[in-house]
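# A closer look at the structure
Here's the letter readout for the chains.
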Amino acid sequence: MEPKFSRFQDRLRTFELWRGKRTGDPNQDEKNFAGKFKGFIALYQWPHPEQLLCKSRTGRNAIDGLYNDYPSQEPLQLLVRLYVIKGINLHPNDPLSGKSDPYLRIRLGKNSINDRKNYIPNNLNPTFGKFFEMEATFPKDHLMTIQIWDYDATTPDDLIGETKVDIENRFYSRHRAHCGIARTYNTTGYNAWRDKEKPTQILDFLCQRNNLPSPDYQKDCVKIGKRKFPFTAIVVNENEREECMALNVLHHWEEFPICGCALVPEHVERRPLFNHTKPGLEQGKLEMWIDMFPMSELPPKPPIDITPQAPEDFELRVIIWNTENVPLVDNQFLTGEKCSDIYVKGWILPEDIQKTDVHYNSLTGEGNFNWRFIFHLTYLRGERLMIIKKKMSAFARDETEVKLPCRLNLQVWDSDHFSSDDFLGSLSLDLTKIPKGSPNSKSCTLKLLDPSSPTINLFKIMKTKAWWPFRSTDETGIYVPAGKIEMEMILVPIVEAEEEPVGKGRNSPKALPPPNRPDTSFSWFRNPWKAFCFVVCRHYKWKIFCCIGVLLLIFLAGCGIYAFPGYFVKRLLGA
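Thresholds applied
- Residues numbered from 1 in each chain as written.
- Predicted model: local features only at pLDDT ≥ 70, side-chain atom pairs only at ≥ 80, totals over all residues.
- Heavy atoms only, no water.
- Helix = DSSP H or I, 4+ residues; strand = E, 2+ residues; numbered from the N terminus.
- Contact = heavy atoms within 4.5 Å.
- Areas by Shrake-Rupley, 256 points an atom, 1.4 Å probe, with all protein chains shown as cover.
- Core = buried A, V, L, I, M, F, W, Y, C linked by side-chain atoms within 4.5 Å.
- Buried < 20%, exposed > 50% of the residue type's maximum accessible area, 1.4 Å probe, protein only.
- Polar contact = N/O pair within 3.5 Å; in protein donor to acceptor, adjacent residues only side chain to side chain.
- Salt bridge = Lys/Arg side-chain N within 4 Å of Asp/Glu carboxyl O.
- Patch = residues over 30% accessible without salt bridge, like charges linked within 9 Å, V, L, I, M, F, W, Y side chains within 5 Å.
- Lys, Arg positive; Asp, Glu negative; His and termini not counted.
- Charge placed at Lys NZ, Arg CZ, Asp CG, Glu CD.
- Pairing = 2+ DSSP bridges.
- Axes fitted to C-alpha atoms, helices over the stretch in contact; angles between N-to-C directions.
- Phe/Tyr/Trp six-rings, centres within 6.5 Å; stacked < 30°, edge-to-face > 60°.
- Lys NZ or Arg CZ within 6 Å of the ring centre and 35° of its normal.
- Parallel < 35°, antiparallel > 145°, perpendicular 65-115°, else oblique.
- Left-handed = near helix turned anticlockwise from the far one by under 90°.
- Nonpolar A, V, L, I, M, F, W, Y, C, P; charged D, E, K, R; others polar.

### What about the overall build of the protein chain?
When helices and strands are counted, the protein chain shows eight helices and 27 strands. The contacts of the protein chain with a sequence gap of at least 6 include a subset with a gap of at least 24, amounting to 64%. If you sum the accessible surface of the protein chain, you get close to 33600 Å²; carbon and sulfur atoms cover 55% of it.

In structure tokens, the structure reads:
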């Protein structure tokens, strides 16, 4: 509760009544508790000093009574609306899982609501998104209790924590806490004005209660007595101009002299939860707000729907086209040239790692793949997170829901046959804010991964194709380039994906064409003859030709030398 609202005890304060002194023992103090007294105690000098007119804070003559604007003693019927958004960091009650199965219980006077059937399994930060509507009669139904319980199938449910709200103090407070004042005035849309009274009606009531003249709506300001409230905002609908001007005054009502005070804006409360068995120890927090409307006035507007958005199922298709400038970490057999056997692995969840085939013997850091990864994910748009449901153990009754950033992880590796593969670089992309890639490899640098660089949301554009840089860390922990990757990401709703399926890798349906790899891309161990021919033809071709030529000359010379003696003897003998 903000200090400027004084816990809404500016008109009514609650005093606890005890039989004797408090002992500090909860059980004993509970027996000695005798109830509560609500009222307000103040001391005034009386009779008032001569020649001075005695006035109340609202400017009324004290002869008519200092408390003439206090609520009537007649019972007042209200419609109370409770919106519960979520719990935060609840205390775990299940020792095996370290979680809880929370659900809500609401109590207001004799009315109670038990939402046990809608418990949320294995969650310490549950999103309830619940709306509850109850009727109350002041002064007897003044205290609302909101509890969070832990569901147990075989044993009694356990109270996690509770918070109590004195709605009577709120309703009668000068801060007008029964319905928060919105920042803008809209008659349609998700942020439509939800109060029964319009801003002009609220302002008229405040002026009347505080004995002030009626508001005078001028062209660029609102005048109340001698006080002016300038208005400079642009109004789209001129028919709503006075409502917008009145709303501006309400947001600055604390600036009004003497009778002005801060009015409660539209808000979400974050209230601590406590358990009487663990005094003084917070058991988590609860996000909520309360609206109250008198039953005798105009009918209230429809409640706001805060039901959590249903998660959506998608299929993410990632096509790895090419890589460039990947580090060369191996040496070729026989020739000693630097090379790498490149492949790429990717995953969204660690249990779903996928790999491309290997581009062997890359001499320039270039890799050609035409390889498709396929991932399935469940995405929650309202929170920009993906949802994972799984049983944490074989004995778990329900699946545990975990929310994680929707992140695509890619790594480039060098494949080795007789040792572990070498890690070369990595790239991690949050699909809700992907760094805008480069249209070509030349302009693809590590600057693209800078947090200040422009980003795109794949869940809005659904498809993108570009170059992104891999990176790794050196010995000092500084990021250095580790190559570049050209890839295409396509996000398809699961219904469309089932109607038009595609295959993983280069498989059908809609198979990708094989990559156009150079002739040098082969494995020394899988294609030894090709490797030998490549080495011989590429590096020793002319030497072999020279050697063959020399051998032929030597052979011819040997043949000549071998035949020369016989030929010479025949010539001598004249044969």
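### A word on the nonpolar core
Counting 37 residues, the largest nonpolar core has Leu316, Leu410, Leu431 and Met489 as its most contacted members. Those residues in contact with Met489 that sit more than four places away from it in its chain are Leu316, Arg317, Val318, Leu408, Leu429, Leu431, Ile434, Leu458, Met462, Lys463, Thr464 and Trp468. Counting residues in each nonpolar core, the second largest holds 28 residues, with Val84, Ala136, Ile160 and Tyr172 among its members.

### A word on the side chain of Asp157
Within the secondary structure layout, Asp157 lies in the loop between strand E7 (143-150) and strand E8 (158-166). Within the local environment of Asp157, its side chain forms a polar contact with the side chain of Arg116, the two groups lying 2.6 Å apart. Filtering out sequence-adjacent residues up to four positions away, Asp157 remains in contact with Tyr103, Arg105, Arg116, Trp149, Asp150, Tyr151 and Asp152.

### Overview of the pattern of salt bridges
Under the counting rule described, the total for this entry stands at 22 salt bridges. Of the charged contacts in the structure, one is a salt bridge between Asp357 and Arg517, with a shortest N-O distance of 2.9 Å. Placement of the pair is Asp357 in the loop between strand E17 (354-355) and strand E18 (359-362) and Arg517 in the loop between helix H6 (494-499) and helix H7 (528-539), with a sequence separation of 160 residues. Among the salt bridges present, the one from Glu383 reaches Lys403, with a minimum N-O distance of 2.8 Å. Here Glu383 is found in the loop between strand E19 (367-380) and strand E20 (385-390), whereas its partner Lys403 is found in strand E21 (residues 400-404), with 20 residues between them in sequence. For Glu383, a relative accessible area of 34% gives the class partly exposed. Accessibility expressed as a relative area gives 26% for Lys403, which makes it partly exposed. Each of Lys38, Asp166 and Glu168 takes part in a single network of salt bridges with overlapping partners.

### Considering a nonpolar patch on the surface
On the surface, a nonpolar cluster with roughly 370 Å² of combined accessible area is contributed by Phe15, Leu17, Phe37 and Ile41. Inspection of the secondary structure assignment puts Leu17 in strand E1 (residues 13-18). Residue Leu17 is classed as partly exposed on the basis of its relative accessible area of 38%.

### Some remarks on the environment of Ala182
Relative to the elements of secondary structure, Ala182 occurs in the loop between helix H2 (167-172) and helix H3 (199-209). Taking relative accessible area as the criterion, Ala182 reaches 5% and is therefore assigned buried. Sequence-wise, Ala182 and Arg194 are 12 residues apart; in three dimensions their C-alpha atoms are separated by 8.5 Å. Those residues in contact with Ala182, other than ones at most four positions away along the chain, are Trp193, Leu247, His251 and Glu266.

### Remarks on helix H4 (residues 241-250)
Of all 10 residues that make up H4, eight are buried, and the element is covered over most of its length. What H4 keeps buried is the set Glu243, Cys244, Met245, Ala246, Leu247, Asn248, Val249 and Leu250.

### With respect to a positive patch on the surface
A cluster of like positive charges, contributed by Arg384, Arg407, Lys433 and Lys460, occupies part of the molecular surface. Secondary-structure assignment places Arg407 in strand E22 (residues 407-414). In this structure Arg407 comes out as partly exposed when scored by relative accessible area, which is 32%.

### Focus on the sheet that holds strand E11 (residues 227-230)
Strands sit in the order E9-E10-E11 across an open sheet of three strands; the sheet is antiparallel. The sheet is open, and its two borders are formed by strand E9 (216-217) and E11, each paired with just one other strand. Two strands pair when backbone bridges link them, and E9 and strand E10 (residues 221-224) are joined in this way by two bridges, in the antiparallel orientation. Looking at E10, one finds that Asp216 is bridged to Lys223. Relative to E10, H4 is tilted by about 60 degrees, and along the sheet it contacts E9, E10 and E11.

### Some points on the packing of aromatic side chains
Counted under the stated rule, the structure contains 15 aromatic pairs. Within the aromatic cluster, the residues linked to one another by ring pairs are Tyr83, Phe131 and Trp289. Seen from the ring of Tyr479, Arg471 lies directly overhead, with NZ or CZ sitting 3.8 Å from the centre.

### Points about the packing of H3 against H4
Put simply, H3 and H4 touch, their axes get as near as 8 Å, and they point 50 degrees apart. By the criterion of interaxial angle, the relationship of H3 to H4 is oblique. Viewed along their axes, H3 and H4 form a crossing whose handedness is left-handed. Residues Pro199, Thr200, Ile202, Leu203 and Leu206 of H3 pack against Glu242, Glu243, Ala246, Leu247, Val249 and Leu250 of H4. Grouping the amino acids of the contact of H3 with H4 by side-chain chemistry returns eight nonpolar, one polar and two charged.

### Concerning the environment of Tyr360
Note on placement: Tyr360 falls in strand E18. Given a relative accessible area of 12%, Tyr360 falls into the buried group. Between the C-alpha atoms of Tyr360 and Ser415, which are 55 residues apart in sequence, the distance is 8.3 Å.

### Some details on unusual backbone geometry
One can expect most non-glycine residues to show negative phi and most peptide bonds to be in trans. Of note, the amide linkage connecting Phe138 to Pro139 takes the cis form, showing an omega dihedral of 10 degrees. Topologically, Pro139 is positioned in the loop between strand E6 (127-138) and E7. Here Ser508 and Pro509 are connected by a cis peptide whose omega angle stands at 5 degrees. Within the secondary structure layout, Pro509 lies in the loop between H6 and H7.

### Some remarks on H3
Of all the residues in H3, the buried ones are Pro199, Thr200, Ile202, Leu203, Leu206, Cys207 and Arg209. Buried positions along H3 lie against E9, E10 and H4. Backbone geometry just downstream of H3 places Asn211 in the positive-phi region, at approximately 60 degrees.

### A word on the pairing of strand E16 (residues 338-347)
Judged by how many residues are buried, E16 sits mostly within the fold: nine of 10 residues are covered. With two bridges joining them, strand E15 (residues 330-331) and E16 adopt antiparallel strand pairing. Residue pairing in the sheet places Asp330 in a bridge with Cys339 of E16. The pairing of E16 with E18 spans two bridges and is classified as antiparallel. Following the sheet pairing, Ile342 is matched in E18 by His359. Pairing of E16 with E17 involves two bridges; the strand directions are antiparallel. Residue pairing across strands places Gly346 opposite Gln354, the latter belonging to E17. Remark: six residues form the turn of the hairpin made by E16 and E17, two consecutive strands paired antiparallel.

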